[in-house]
Amino acid sequence: MTGPSSTSAEASTSSASSSQPPTPSPTFSPPPSSGTENAPPLPHVAETLRQRLQAGNARLAVIGLGFVGTPVAALFAASGLDVLGVDIDPAKVAAVNAGRVPFAGEEPGLAELIAAEVAAGRLRATSNYDDLAGTDAVLLAVETPVEAGDHRPRYAALRGALAALGPRLHRGALVIVESTLAPGTMRDIVVPTLEEASGLTVGVRGPGSDRSEADPSGADPAGADPSGADSIGGDLFVVHCPERVMPGRLLANLRSMSRAVGGVTPAAAQVALALYRRIVEADLGATDALTAELVKTGENAYRDVQIAFANEMALLCDALGADVWRVRDLLNKSPGRNMLLPGAGVGGHCIPKDPWLLVANAAEHEHFTPRLIPAARAVNDHMPAHIARLVQDALRAEGRAPHESTVLLLGASYLEDSDDERNAPSAALAALLTGHVATVRIHDPWVERYREPALAEQVADADAVVVMVAHTAYRSLDWGELREHVRTPVLVDGRRVVDVAAAEQAGWRVRQVGVGQDEAGSATTS
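Structure report, in brief. Remember, predicted model here, so these are calculated numbers, not experimental data.

All right, on to the nonpolar core then. One recurring pattern in soluble globular proteins: nonpolar side chains tend to sit buried together. Of all hydrophobic cores here, the largest spans 52 residues; its most connected members are Phe76, Val83, Leu174, Phe237 and Tyr276. Counting residues per element, this core draws most heavily on helix 9 (residues 266-276), at nine residues. Among all residues touching leucine 174, those that are not within four sequence positions of it are Leu49, Leu53, Asp136, Ala137, Val138, Phe237, Val239, Ala268, Val271, Ala272 and Leu275.

Pasting the structure below:
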């Protein structure tokens, strides 16, 4: 997943389906032999597969029915392909086969699309890898987490999926990894694991071609045969094409965001282009696998660094007694400057993880030591601790002992108007406050387990209210009314959603991220 982007409105699911070629029969002939004896030359295999993908006469499997794999499978099914979803979680498999979304959250158009494609017979799910036999193309969208201690990827899910997939592959199949990977993972893990598990080979690029880009027109600067031959032969077409999606905009992002299509060989990239052109309306940039790995991890690390600069400016302004929001407004008037929004922390599935993936293999290179990216991670990870300090300082300034106080956190998700709690700063803040305050309460209208008790009950007798997520519901709160119910009127705004003047007029003592206290208030330092 990636940062926020502008997306077009969702197209109707009916038009997405009706504009495609007739649906092929779900019955397929036996899979081609996995052996290479008497097999046609690979250029012919590549061209045949490319034409089948373009015509919609191919079978696709998607391994991993999560936030990425599910909408990808549904969109390819709507394009006219026969699609099989694969997941080890029987609950996800059952949900998809029942025509339902297998995860929580508001995703415009996804529920309707899944229901339509399952009803049409183009989409089904299984936990049995044997059902993959005869599949023309396989897309992997499994988790690639990093360990909390050393920030290193372990790839247990990826290795397991590749090992299970390998024996079911036939010569000429296309394998695409959409999961985000540390640079070098395709070369060091994906290709060797596939070759060992399948008994087939993956072609490699010719000398000097690692940094060249495959031309989408078919001509490749590495000297590959335009008909689709590998630079150096091989049985499988293997590609890394990382996703670029955000919760709440999955279908729109998959259609409208550009993609880096990184082939282990130029031929693999060309075959994959034929597949992705069925659903992607934006630019498809054919390149090599290593470049695609660097692009995806680099784009999220870039955003993390930019957020860290904004957060460090907020910490500096807080310490000096300045207003970071006024600084930001004036700073951004300078041409070419675009300071992002500081806040209470960075969450989600991608940004806290991908910078570590980007530099995961840095230790192998004696002449490179990452400095900026780990520093940015440290700044952003520190923000919940800074909020905890603001809360405790504000309580003491009001004569309340933190260990006798009740603190209410507004927002449990990491993203406004979303129920996605992955790596949410609120969880980190709650953990930091536990043991330092008497009670921590959490309210979130989007997250089912935090919807009740209602906000009016949660705020009763609270000593501090902390805005951690910029939900629309929190932007319109009547702070005057809420003031009547709290015990101590401490309000900490971690997302700049509070009308400070109105809240202070209602009697609140307001602290905002990046706004230092004047001489009349208590000093706030991070």
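Moving on to helix 7 (residues 185-198). Residue pairs spaced three or four apart in an α-helix point in one direction, given the helix's 3.6 residues per turn. A rise of 1.5 Å per residue sets the reference length of helix 7, with its 14 residues, at 20 Å; its end C-alpha atoms lie 18 Å apart and thus fit the reference within 8%. Buried residues of helix 7: Thr185, Met186, Ile189, Val190, Val191, Thr193, Leu194 and Ser198, and no others. Those residues of helix 7 hidden inside the fold are in contact with helix 6 (156-165), strand 5 (174-177), strand 6 (237-240) and helix 10 (289-320). Of the residues trailing helix 7, glycine 199 is marked for its positive phi of about 75°.

The strand order 3-2-1-4-5-6-7-8 describes an open sheet built from eight strands, whose pairing is mixed. Both edges of this open sheet fall to strand 3 (123-126) and strand 8 (284-288), since each of them pairs with a single strand only. Between one strand and the next, the sheet's axes are offset by a mean angle of 25°, whatever the strand orientation. With two bridges connecting them, strand 6 and strand 7 (residues 259-263) associate as antiparallel partners. Looking across to strand 7, one finds that valine 239 is bridged to glycine 263. Its contacts with the sheet place helix 7 against strand 5 and strand 6, and it is angled at close to 145° to strand 6.

Note that alanine 137 resides in strand 4 (residues 137-140). Taking the C-alpha atoms as reference points, alanine 137 and valine 62, 75 residues apart in sequence, are found 8.7 Å from one another. With near-sequence residues (within four places) excluded, alanine 137 lies in contact with Arg59, Leu60, Ala61 and Leu174.

Their axes nearest at 7 Å, the elements helix 6 and helix 7 cross at an angle of 30°. Considered as vectors, helix 6 and helix 7 are oriented roughly parallel to each other. The handedness of the crossing between helix 6 and helix 7 is right-handed. On helix 7, the residues that touch Leu158, Arg159, Leu162, Ala163 and Leu165 of helix 6 are Thr185, Ile189, Val190, Thr193, Leu194 and Ala197. Split into classes, the residues belonging to the contact of helix 6 with helix 7 amount to eight nonpolar, two polar and one charged.

What follows is about helix 5 (residues 110-120). Taken together, the buried positions of helix 5 are Leu110, Leu113, Ile114 and Glu117. Along the axis of helix 5, the buried residues cluster in a sector spanning 95°; they form a single face. Looking one or two places after helix 5, you find glycine 121, whose phi comes out positive at around 85°.

Each aromatic ring pair is summarised here by two numbers: the centre-to-centre distance and the angle between the ring planes. Tallied over the full model, the rule gives three aromatic pairs. Between tryptophan 479 and tryptophan 508 the ring centres are 5.7 Å apart and the planes differ by 85°, which places this aromatic pair in the edge-to-face class. Taken together, the positions of tryptophan 479 in helix 17 (residues 479-483) and tryptophan 508 in the loop between helix 18 (500-505) and strand 13 (509-512) put the pair 29 residues apart, joining distant regions of the chain. The residues tryptophan 479 and tryptophan 508 share a single accessibility class, namely buried.

According to the stated counting rule, one finds 20 salt bridges in the structure shown. One salt bridge in this structure joins aspartate 304 and arginine 377, with 2.7 Å as the shortest N-O distance. In this pair, aspartate 304 is assigned in helix 10 and arginine 377 in helix 13 (residues 372-397), connecting sequence segments 73 residues apart. Considered together, aspartate 304 and arginine 377 belong to a single accessibility category, that of buried residues. Through salt bridges with shared partners, one network takes in Asp304, Arg377 and Asp381.

The rules behind each value
Residues numbered from 1 in each chain as written. Predicted model: local features only at pLDDT ≥ 70, side-chain atom pairs only at ≥ 80, totals over all residues. Heavy atoms only, no water. Core = buried A, V, L, I, M, F, W, Y, C linked by side-chain atoms within 4.5 Å. Buried < 20%, exposed > 50% of the residue type's maximum accessible area, 1.4 Å probe, protein only. Helix = DSSP H or I, 4+ residues; strand = E, 2+ residues; numbered from the N terminus. Contact = heavy atoms within 4.5 Å. Expected span 1.5 Å × (residues − 1). Pairing = 2+ DSSP bridges. Axes fitted to C-alpha atoms, helices over the stretch in contact; angles between N-to-C directions. Parallel < 35°, antiparallel > 145°, perpendicular 65-115°, else oblique. Left-handed = near helix turned anticlockwise from the far one by under 90°. Nonpolar A, V, L, I, M, F, W, Y, C, P; charged D, E, K, R; others polar. Arc of directions from axis to C-beta. Phe/Tyr/Trp six-rings, centres within 6.5 Å; stacked < 30°, edge-to-face > 60°. Salt bridge = Lys/Arg side-chain N within 4 Å of Asp/Glu carboxyl O.

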